[in-house]
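# Tertiary structure, described
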Amino acid sequence: MTTLHYEASTHRIRLEGVCRNDDGLALRDALEAFGPMAGGHLIVDLTAVTDIDPAVAAEVVQAVRSASHDGKQLTLLRKDGTAVDEALSAAESAFDLP
């Protein structure tokens, strides 16, 4: 189960632990709730996430792309070379397929 915290001073949503499919709804709700408070730039910090389901990784990538299309910026923080990074990279590649 993922723990989710919003840090208002930095406009950052920090996730910790394992991110499973049922955590995707909580993340979507957090993005919808805190995105407007961030003034156009929200940080999603995944550096403390130890594992993420591919479906949740795809939702995160979709949220980044949707924010960009809406003229907002959603920045992902993640550790290079981890299982989370690999899942996010795979989701990004899947979105880039024709």
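Residues numbered from 1 in each chain as written. Predicted model: local features only at pLDDT ≥ 70, side-chain atom pairs only at ≥ 80, totals over all residues. Heavy atoms only, no water.

Attention now goes to the overall build of the protein. Looking only at helices and strands, the protein has three helices and four strands in total. Reading the protein from its N terminus to its C terminus gives the helix and strand order β-β-α-β-α-β-α. In terms of C-alpha radius of gyration, the protein reaches 12 Å, essentially the compact-globule figure of 13 Å for 98 residues. On the principal axes, the C-alpha backbone points of the protein span a range of 30 × 30 × 25 Å. For the protein, the residues scored as buried account for 33% of the 98 residues in total. By sequence separation, contacts in the protein at least 24 residues apart represent 68% of the contacts at least 6 residues apart. Summed over all atoms, the accessible surface of the protein reaches about 5,500 Å², with 55% contributed by carbon and sulfur. Counting 8 positive and 16 negative side-chain charges, the protein places the centres of these two groups 3 Å from one another. (Helix = DSSP H or I, 4+ residues; strand = E, 2+ residues; numbered from the N terminus. Rg over C-alpha atoms; globule rule 2.2 N^0.38 Å. Buried < 20%, exposed > 50% of the residue type's maximum accessible area, 1.4 Å probe, protein only. Contact = heavy atoms within 4.5 Å. Areas by Shrake-Rupley, 256 points an atom, 1.4 Å probe, with all protein chains shown as cover. Lys, Arg positive; Asp, Glu negative; His and termini not counted. Charge placed at Lys NZ, Arg CZ, Asp CG, Glu CD.)

The subject of this paragraph is unusual backbone geometry. Here the phi dihedral of H11 falls at roughly 55°; this positive angle occurs in a residue that is not glycine. Residue placement: H11 occurs in the loop between strand 1 (2-7) and strand 2 (12-19).

This brings us to the sheet that holds strand 4 (residues 73-77). Across the sheet, four strands lie side by side as 1-2-3-4; this open sheet has mixed pairing. Every other strand in the sheet has two partners, leaving strand 1 and strand 4 as the edge strands with one partner each. Strand-to-strand twist in this sheet, taken as the mean axis angle between neighbours without regard to direction, amounts to 15°. Examined bridge by bridge, strand 2 and strand 3 (residues 41-52) share seven bridges and lie parallel to one another. Its bridge partner being in strand 3, V18 is matched across the sheet by D51. (Pairing = 2+ DSSP bridges. Axes fitted to C-alpha atoms, helices over the stretch in contact; angles between N-to-C directions.)

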